[in-house]
Amino acid sequence: MYHEDVKVKKGETVSGLGAEYGYKVSEWRKIWDDPKNAVLVRKRGKPEHLQIDDVLWVKIPWYTVTRRLTTDADGASFLLQRNGEPGKRMSWVQTVYRHNQPIGPNPSPFCVDACTPDDNLPFYWTEDEVAAPPPWVKKFSGDPKVNLSKTFADRPSRDAPTAAMGTTKWRAIVSIAVVNEKRITVYDSWVWGFDLTPAGVSTKVGPRVPSAIERQGHLNLLRKGIGGWLVDFTILGFHVDFNLMNPFTFSNQGWTFRTPP
Amino acid sequence: MLVAPAVLLASSCAPAPDAPVQAVQKEETVPSKSWEKLVDPDRAAKVQVVLRVRLLKREGSDKMGWDKVKLLGVIKNESRFKFAGEFEVAHYSGEPGVPDGESTIYLEPYNKTSPGLWRLLGGSGQSGASHQTQAAGSK
């Protein structure tokens, strides 16, 4: 549990901000009456008198309540869900170490998932996915109305490695991500993954709480993570692909990442 | 610091238009394009690209899985992108990808900024592939 210092912008309200951080609209008093807001409450009197640039402290009490990791024939499946309500500023981030089997257009063993960027943001789910969750997540979570602000789901897999490659050790750290402008606070992190032997035997790993070093690596990977794009055009009859991995890391794009203060 | 872009150049090698027609051409089998009719029109209407492909390899999944396919034919391509002979197609980790053998795949952009990256319609082989046939002796 920690508090976000939220700078109020035009048109924002206590109940509206609360809803973006996972509260019911009706629970605005939990925020307004928080002792951390005592000075602000004395200054403004009523929530309706909130002014632009006021700082409202919003308690973030949510934590993961479901952690279901299962071994699959060729990998593992992980379902992670938090309590509280959905909220636009509540999300998930995941960093991955793909060991000896990086896949897809991004050849790096380390990445921010989606490892080949499916948008330019550091979050696990895209805005389109939050608006319309993939059918497999509905089935996997057992909730046809699943909300991806509250639910993380993944099912990584690989071919069995060759004997020369040795056992594939796929690892990830997933965290609840709280968004405050371009600052992302990650907490309630979990290390998970699987080992896959050359004989094709998969064993789940975790979930467990990350060590301090792993947590730092998670933050560093998030800072160095990239959105990506490709551009192509035709010139003098030649089709030209500029395969650019976005040179701007999330950090260079202005995103900051931290653990709770 | 800016990263220097890697540039790939590709060009088609069409014969010169005035090249003499050789007699041996008469003996070549006319390529069958029966696959052109192996299409679900409802799904085709939802996407820019419909291709006939053969699955070469399932690479595995992180959040997204990637399948390497061989292009057998273009049924519809309303994008500006020209597909190579072999390329990768994405699907969600929890969804099936491109089916074994030959199939018709319906592709939507992988993201909003990468014209060269594609995923199966709905991120799934269930909605993004049809008309699977096991090609005998195919690789």
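What you see as residue numbers is a count from 1 along each chain, following the sequence as written. As a convention, the first chain written is A and the first ligand written is 1, with the rest following in written order. Whole-chain, interface and lining totals are the exception, using all residues; otherwise, since this is a predicted model, local features are given only for residues with pLDDT of at least 70 and side-chain atom pairs are given and counted only at 80 or more.

Describing the overall build of chain B
Line of reasoning, step 1. Here a strand is any run of E in DSSP of at least two residues, a helix any run of H or I of at least four, and the numbering for each starts at the N terminus. Broken down by element type, chain B carries two helices and seven strands.
Line of reasoning, step 2. In chain B, the succession of helices and strands from N to C terminus is β-α-β-β-β-β-β-α-β.
Line of reasoning, step 3. With C-beta atoms placed from the backbone, a contact is any residue pair whose C-beta atoms sit within 7 Å. Within chain B, residue pairs in contact and separated by at least 24 positions form 63% of the contacts whose partners lie at least 6 positions apart.

Considerations on the overall build of chain A
Line of reasoning, step 1. Scanning chain A from N- to C-terminus turns up six helices and 14 strands.
Line of reasoning, step 2. Principal-axis analysis of the C-alpha atoms gives chain A an extent of 70 × 55 × 35 Å.
Line of reasoning, step 3. Any residue with 12 or fewer other C-beta atoms within 10 Å of its own C-beta is exposed, any with 20 or more is buried, and the rest are partly exposed; the C-beta atoms used are placed from the backbone. A buried classification covers 36% of the 261 residues belonging to chain A.
Line of reasoning, step 4. Intrachain contacts of chain A at a sequence separation of at least 6 include 61% that bridge at least 24 residues.

As for the nonpolar core
Line of reasoning, step 1. In this description, a nonpolar core means buried residues of the types Ala, Val, Leu, Ile, Met, Phe, Trp, Tyr and Cys, linked to one another by C-beta atoms lying within 7 Å. In terms of nonpolar packing, the biggest core is built from 74 residues, with Trp92(A), Val93(A), Ala177(A), Val89(B), Ile105(B) and Leu107(B) touching the most fellow members.
Line of reasoning, step 2. Residue ranges assigned to each domain were obtained from an automatic or database domain assignment. Each of domain 1 (2-60) and domain 2 (64-225 + 251-258) of chain A contributes no fewer than three residues to this core.
Line of reasoning, step 3. Ignoring any residue separated from it by four or fewer positions in sequence, one finds Trp92(A) in contact with Phe123(A), Tyr124(A), Trp125(A), Phe152(A), Val174(A), Ser175(A), Ile176(A) and Ala177(A).

Quick look at the confidence of the model for chain A
Line of reasoning, step 1. In predicted models, pLDDT denotes the confidence assigned by the predictor to each residue on a 0 to 100 scale. Considering every residue of chain A, the mean pLDDT works out to 93; 92% of them sit at 70 or more.
Line of reasoning, step 2. Low pLDDT (under 50) marks residues 229-233 of chain A, which in the prediction has 23 contacts with non-local residues, meaning those over four places away or in another chain.

A look at the domain arrangement of chain A
All names here are of chain A.
Line of reasoning, step 1. As assigned here, chain A comprises domain 1 (2-60) and domain 2 (64-225 + 251-258).
Line of reasoning, step 2. Where the side of domain 1 that touches domain 2 is concerned, the elements lending two or more residues are β1 (2-7) and α1 (14-20).
Line of reasoning, step 3. Its residues placed into classes, the side of domain 1 that touches domain 2 shows five nonpolar, one polar and three charged. Amino acids outside the nonpolar list (Ala, Val, Leu, Ile, Met, Phe, Trp, Tyr, Cys, Pro) and the charged list (Asp, Glu, Lys, Arg) are all regarded as polar, and Gly is one of them.

Quick notes on the pairing of strand β4 (residues 75-82) of chain A
All names here are of chain A.
Line of reasoning, step 1. Examined bridge by bridge, strand β3 (residues 64-72) and β4 share eight bridges and lie antiparallel to one another. When the sheet's bridge partners are listed, Arg 67 is paired in β4 with Leu 80.
Line of reasoning, step 2. When DSSP finds two or more bridges between two strands, those strands count as paired. The hairpin formed by β3 and β4 contains two residues between the paired strands.
Line of reasoning, step 3. Note: β4 against strand β7 (residues 151-154), four bridges, orientation antiparallel. Following the sheet pairing, Leu 80 is matched in β7 by Phe 152.

Quick look at unusual backbone geometry
Residues and elements named next belong to chain A.
Line of reasoning, step 1. Of note, the bond from Asp 113 into Ala 114 is cis; its omega dihedral lies within 30 degrees of zero at 10°.
Line of reasoning, step 2. For Ala 114, the location among the structural elements is in the loop between β6 (110-112) and α4 (127-131).
Line of reasoning, step 3. Cis geometry is found at the peptide bond from Gly 206 to Pro 207, where omega equals 0°.
Line of reasoning, step 4. In this structure, Glu 181 is a non-glycine residue whose phi angle is positive, near 55°.
Line of reasoning, step 5. Along the chain, Glu 181 falls in the loop between β9 (168-180) and β10 (183-196).
Line of reasoning, step 6. Judged by the 12 C-beta atoms lying within 10 Å of it, Glu 181 falls in the exposed class.
Line of reasoning, step 7. A positive phi is found at Asp 188, a non-glycine position, where the angle reads about 50°.
Line of reasoning, step 8. With respect to the helices, strands and loops of the structure, Asp 188 is situated in strand β10.

Looking at the pairing of strand β3 (residues 64-77) of chain B
Residues and elements named next belong to chain B.
Line of reasoning, step 1. Where strand β2 (residues 49-61) and β3 come together, 11 bridges link them in antiparallel fashion. Directly across from Arg 58, in β3, lies its bridge partner Asp 67.
Line of reasoning, step 2. Two elements, β3 and strand β4 (residues 86-92), share seven bridges in a ladder whose sense is antiparallel. By the bridge assignment for β4, Lys 68 is matched with Glu 88.

Focus: the confidence of the model for chain B
Residues and elements named next belong to chain B.
Line of reasoning, step 1. Put simply, chain B has an average pLDDT of 80, and 73% of its residues get 70 or more.
Line of reasoning, step 2. No element of chain B has a lower mean pLDDT than strand β1 (residues 6-10), which averages 31, and none a higher one than strand β6 (residues 118-120), which averages 98.
Line of reasoning, step 3. Taken as a whole, residues 1-30 scores under 50 in pLDDT and shows 15 contacts with residues more than four places along the chain or in a different chain.

Quick word on the environment of Pro35(A)
Residues and elements named next belong to chain A.
Line of reasoning, step 1. Looking at where Pro 35 falls in the secondary structure, it is placed in the loop between α2 (28-32) and α3 (38-44).
Line of reasoning, step 2. Since 8 C-beta atoms lie within 10 Å of it, Pro 35 is described here as exposed.
Line of reasoning, step 3. The spacing of Pro 35 and Trp 57 is 22 residues in sequence and 9.3 Å in space, taken between C-alpha atoms.

Observations regarding the environment of Lys46(B)
All names here are of chain B.
Line of reasoning, step 1. Inspection of the secondary structure puts Lys 46 in the loop between α1 (41-44) and β2.
Line of reasoning, step 2. In this structure Lys 46 comes out as partly exposed when scored by C-beta crowding, with 14 C-beta atoms within 10 Å.
Line of reasoning, step 3. The contact partners of Lys 46, leaving out residues within four places of it in the chain, are Tyr 106 and Leu 121.

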